[in-house]
Amino acid sequence: MLKKILASLALVLLLAGSGLAADPIRIGYLVALTGDNAPFGITEANMARMIVDEQNEAGGLLGGRPIELIVYDTKTRNEDAVNAARRMIESDRVCVIIGDLASGINIATAPIVNRGHVPQISTIGTNPLVTVDEKGRVRPYSFRICFTDPYQGAIAADLAYNDLKKTKAAILYNVGSDYAHGLREFFTENFKRLGGTIVADEGFRGEDVDYRAQLTTIKASGAEFLFLPGMGKDMALAIKQARELGFDGTIVGGDGFSDIMFEIAGDAMKGTYWINHTYMEDPEMAPIYERYQKRYNDVCKEFLDGAMAADAVYWVFDAITRAGVDEGPAIAKALEETKGLKLHHATITIDPATHDPMNKAGVVLRVDDDLKTEFYKKIEPKAE
């Protein structure tokens, strides 16, 4: 009997020493796998799984503990995201959540993560209210890895007025999108400040697919420039319909840019400009994109989502390591204290007053006549 007990104890010690018996570090990932944002979300989920698997193969974290990635589909809906965040915190006991990419979803889940004391990192949620409330107070458990709409709007306005020499702008936006409202607001503010005029400001609802009435008004306004603060599908439809109606002005969009837009808009994409956080040819991201292609037998078409997902996961690894524990409050503190962290698409320092990256560079992309997305210019920001 004693021999059996000793043998069992030896087996337990052996498993513990090998790391197999260690409790996993649970990381949640909120992402759209269905709905309008699915093309972006699927890329994020795939990239996150790859990075986590690589880290587990390298020995995990915190002395050999394995990482368990728990992914829930937001279905591109706030209510599903809120329910998923609650399950992650209360049932799955995650220590940190990455995602979603949409501003509105992160704003909706902020009260949940705050009450649960679990930090959440938005990958591409650019609305200021993702990390601060309506009174400007920082949300203690909400963070982002991307730059914000005020800066993105300022880039678009500067591109239109100073670089492209346009003074009359029109806007077409989704009235139900927090992202669109924020980007529209800050583009308008900066374009007017520079001396430009908004000659048309037209809205549509999320379920709409025909914008010809609004675009007819925009064409008649004399606009030289059309700003689209939207997501891939609606921007592609707008571009295609605008060109079919004979609008020949310059078209610029934000970081909702997607590879799927070329399938919808085709040649109408030529000559369009896009504000973004990184670019496909970024040499720092190339090895990760190569590993992604090898694993999934597909190029990382939604390169922005791939880059932001990868670096968000690496940022979480760094924060957990510095925290020394897989506990939400300690990880939130480590995230807030991030300084000069060299990731792949950027080096980030977090502003503790906003939980946003400070003075993070942005890029402008342009679609050439061969329908290739090329790097146009990089913008080094002034203080946000």
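How each quantity is defined
Residues numbered from 1 in each chain as written. Predicted model: local features only at pLDDT ≥ 70, side-chain atom pairs only at ≥ 80, totals over all residues. Heavy atoms only, no water. UniProt positions renumbered as here; feature names shortened; annotations may be inferred. Helix = DSSP H or I, 4+ residues; strand = E, 2+ residues; numbered from the N terminus. Rg over C-alpha atoms; globule rule 2.2 N^0.38 Å. Buried < 20%, exposed > 50% of the residue type's maximum accessible area, 1.4 Å probe, protein only. Contact = heavy atoms within 4.5 Å. Lys, Arg positive; Asp, Glu negative; His and termini not counted. Charge placed at Lys NZ, Arg CZ, Asp CG, Glu CD. Axes fitted to C-alpha atoms, helices over the stretch in contact; angles between N-to-C directions. Parallel < 35°, antiparallel > 145°, perpendicular 65-115°, else oblique. Nonpolar A, V, L, I, M, F, W, Y, C, P; charged D, E, K, R; others polar. Arc of directions from axis to C-beta. Pairing = 2+ DSSP bridges. Right-handed = clockwise from strand over helix to strand, strands pointing away. Disulfide = S-S within 2.5 Å.

Check the Sequence similarities (unreviewed entry) section of the UniProt entry for the protein chain; it says "Belongs to the leucine-binding protein family."

Got a sec to walk through the overall build of the protein chain? Specific residues and values, please.
When you go through the protein chain residue by residue, the secondary structure sums to 12 helices and 16 strands. For 384 residues, the compact-globule estimate of 2.2 N^0.38 gives 21 Å, and the protein chain sits close to it at 22 Å. Once the C-alpha set of the protein chain is aligned to its principal axes, its extents read approximately 90 × 45 × 35 Å. Looking at the protein chain residue by residue over its 384 residues, the buried ones come to 52%. Sequence separation of 24 or more characterises 68% of the internal contacts of the protein chain that already satisfy a separation of 6 or more. Across the protein chain, the centroid of the 42 positively charged side chains sits 3 Å from that of the 55 negatively charged ones.

Got a sec to walk through the UniProt feature "domain: Leucine-binding protein" (unreviewed entry) in the protein chain? Specific residues and values, please.
UniProt's feature table lists "domain: Leucine-binding protein" (unreviewed entry) at residues 24-368, given in the numbering used throughout. End C-alpha atoms of residues 24-368 are separated by 47 Å, and the span's content is 43% helix alongside 19% strand.

How would you sum up the side chain of S142? Please name residues and give values.
Here S142 is to be found in strand β5 (residues 142-144). S142 has contacts with A110, V113, Q120, V130, T131 and H355, leaving out every residue within four places of it along the chain.

Describe the packing of helix α10 (residues 286-296) against helix α11 (residues 303-323), with residues and values.
When two helices pack together, their arrangement is given by the angle between their axes and by how far apart the axes lie. Axis separation between α10 and α11 bottoms out at 11 Å; the angle between their running directions is 105°. Comparing their axes, α11 and α10 come out roughly perpendicular. On α11, the residues that touch I288, Y289 and R291 of α10 are F303, A307, A310 and Y314. The residue inventory of the contact of α10 with α11, partitioned by class, reads 6 nonpolar, no polar and 1 charged.

If you had to explain helix α7 (residues 212-220) to someone new, which residues and values would you point to?
Every buried residue of α7 is listed here: Q214, L215 and I218. Viewed end-on, α7 has its buried residues packed into an arc of 95°, placing them on one side of the element. Residues of α7 that are exposed and point more than 90 degrees away from the buried face comprise A213 and A220. For α7, the elements touching its buried residues are β6 (168-174), β7 (197-204), β8 (225-228) and α8 (232-244).

So, the pairing of strand β10 (residues 273-276): which residues are in play, and what are the values?
Looking down a regular strand, the side chains alternate between one sheet face and the other. With burial as the criterion, each face of β10 is covered, one bearing Y273 and I275 and the other bearing W274 and N276. Across 2 bridges, the pairing between strand β9 (residues 250-253) and β10 is parallel. Bridging from a neighbouring strand, V252 pairs with Y273 of β10. In the classification by handedness, the crossover that spans β9, the intervening helix α9 (residues 260-265) and the parallel β10 is right-handed.

Describe the environment of A160, with residues and values.
When you line up the elements, A160 lands in helix α5 (residues 149-163). For the pair formed by A160 and M358, sequence separation is 198 residues and the distance between their alpha carbons is 24 Å. In this structure, A160 is in contact with K165, K166, F191 and F225, ignoring residues within four places of it in sequence.

Describe in detail the sheet that holds strand β3 (residues 96-98), supporting the description with residues and values.
With respect to topology, 5 strands assemble into an open sheet ordered β2-β1-β3-β4-β5, the strand pairing being parallel. Only two strands of the sheet have a single neighbouring strand rather than two, namely β2 (67-73) and β5. Taking each pair of neighbouring strands and ignoring which way they run, the sheet shows an average axis angle of 25°. Sheet topology places strand β1 (residues 25-31) next to β2; 7 bridges connect them, and they run parallel. Directly across from G28, in β2, lies its bridge partner I70. Across the sheet, helix α4 (residues 103-116) touches β1, β3, β4 (120-122) and β5, and the angle it forms with β4 is around 170°.

Account for the state of the cysteines, naming residues and giving values.
Cysteine pairs can be covalently joined through their sulfur atoms, and such a bond is termed a disulfide. For the structure shown, the criterion picks out 0 disulfides. The thiol sulfur of C146 is not disulfide-bonded, and the nearest other cysteine sulfur, from C300, lies at 17 Å. Judged by relative accessible area, C146 falls into the buried class, the value being 0%.

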